[in-house]
Amino acid sequence: MTRTEDGRQGVSISTNLGWVVLALVTVFALSIASIKLSPLGSEVAGWWPAAGLSVLLASRFRRRNLWLVLAAILVLTALANVVADRPLAVAAGYGVANAVASGVGARLLQDRSGRLYGLDTIRGLVRIPITAIACGTAAALIAGLTASVLGEGEFLRTVGSVLPAHAAAVLLITPLGL
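Keep in mind it's a predicted model, so treat the numbers as computed, not measured.

Student: An account of the pattern of salt bridges is requested, with residue identities and associated values reported.
Tutor: With the rule as written, the count across this model stands at 1 salt bridge. Close ionic contact of R115 with D111 constitutes a salt bridge, the shortest N to O distance being 3.7 Å. Taking the relative accessible area as the measure of exposure, D111 reaches 17% and is therefore buried.

Structure representation (structure tokens):
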């Protein structure tokens, strides 16, 4: 993590590449584990801890570099779904859901100047549940649309499963790194 002259926080890719790669590999591994540990008869994972780590990681990127980590999250979570035997189109849709939710979370956890809200202010504390709900909703709507359009599940059932799985992970994991 680096700070610019005006106090903004962000990841310097060149100096923190090892940490970024480690976090992305962990997102991939958590994604596979979550899919493999899904409840019987469920189209989606019961909990998605990769969401919390993805939002935390994305929140550390400055706006100009955010697309890089979001693209990596999309590819890695889609690949994890393919490895876990989901059809390619479904995996791609779920990858988009994860990347969009991470982007939403990253933006909500930063102020207008790009500074990361911390847990040392009321504003920062209030941002955590708002971010969790927004990320869960974004992921759920895209995953529900993906599942229903591609015949992998019912829209409302998927939304009802994905929203709490993602929101809980963001609520529990993301604050650990703020």
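Now that the structure is up, let's keep going.
Student: Give a description of the packing of helix α4 (residues 88-108) against helix α5 (residues 122-149) that names residues and reports values.
Tutor: Closest axis-to-axis distance for the α4/α5 pair is 8 Å, and the angle between their directions is 160°. Between α4 and α5, the angle falls in the class roughly antiparallel. The two elements α4 and α5 meet at a crossing, and its hand is right-handed. Contacts between α4 and α5 involve A89, V90, G93, Y94, V96, A97, V100, A101, V104, G105 and L108 on the former and, on the latter, R127, I130, T131, A134, C135, A138, A139, I142, A143, T146 and A147. Each residue belonging to the contact of α4 with α5 can be placed in one class, and the counts come to 17 nonpolar, 4 polar and 1 charged.

Student: So what's going on with the confidence of the model for the chain? Which residues, and what values?
Tutor: Parts of the prediction with low pLDDT should not have their coordinates interpreted in detail. Mean pLDDT over the chain: 89, with 92% of residues reaching 70 or higher. In the model, residues 1-7 has pLDDT below 50 throughout and makes 18 contacts with residues more than four positions away in sequence or in other chains.

Student: Quick rundown of helix α2 (residues 49-59)? Include the residues and the values.
Tutor: Counting buried residues along α2, 11 of its 11 residues qualify, which places the element largely inside the surrounding structure. Those residues of α2 lying buried are P49, A50, A51, G52, L53, S54, V55, L56, L57, A58 and S59.

Student: Any details on the nonpolar core? Residues and values, ideally.
Tutor: Formed by 29 residues in total, the largest nonpolar core has its most connected members in W48, Y94, V162 and V170. Only α1 (13-36), α2, α4, α5 and α6 (155-173) provide two or more residues apiece to this core. For this core, the element with the most residues is α5, which contributes 8 residues. Not counting the four nearest positions on each side in its chain, V170 is found in contact with A51, G52, V55, T131, A132, C135 and P175. Judged by nonpolar contacts, the second largest core, of 11 residues, contains V20, L66, V69 and L70.

Student: Hey, could you go over the environment of R112 for me, with residue numbers and the actual values?
Tutor: Tracing the backbone shows R112 in the loop between α4 and α5. Residues R112 and F155, 43 residues apart in the sequence, show an inter-C-alpha distance of 34 Å.

Student: Pulling in residues and values, what's your account of a nonpolar patch on the surface?
Tutor: Taken together, the side chains of L141, L145, V149, L150, F155 and L156 present a nonpolar region at the surface, about 590 Å² in accessible area. At the level of elements, α5 and α6 are the ones that each hand at least two residues to the nonpolar patch. Here the nonpolar patch gets 3 residues from one element, more than from any other, and that element is α5. Following the sequence through the fold, L150 ends up in the loop between α5 and α6.

Definitions and cut-offs
- Residues numbered from 1 in each chain as written.
- Predicted model: local features only at pLDDT ≥ 70, side-chain atom pairs only at ≥ 80, totals over all residues.
- Heavy atoms only, no water.
- Salt bridge = Lys/Arg side-chain N within 4 Å of Asp/Glu carboxyl O.
- Buried < 20%, exposed > 50% of the residue type's maximum accessible area, 1.4 Å probe, protein only.
- Axes fitted to C-alpha atoms, helices over the stretch in contact; angles between N-to-C directions.
- Helix = DSSP H or I, 4+ residues; strand = E, 2+ residues; numbered from the N terminus.
- Parallel < 35°, antiparallel > 145°, perpendicular 65-115°, else oblique.
- Left-handed = near helix turned anticlockwise from the far one by under 90°.
- Contact = heavy atoms within 4.5 Å.
- Nonpolar A, V, L, I, M, F, W, Y, C, P; charged D, E, K, R; others polar.
- pLDDT = per-residue confidence, 0-100.
- Core = buried A, V, L, I, M, F, W, Y, C linked by side-chain atoms within 4.5 Å.
- Patch = residues over 30% accessible without salt bridge, like charges linked within 9 Å, V, L, I, M, F, W, Y side chains within 5 Å.
- Areas by Shrake-Rupley, 256 points an atom, 1.4 Å probe, with all protein chains shown as cover.

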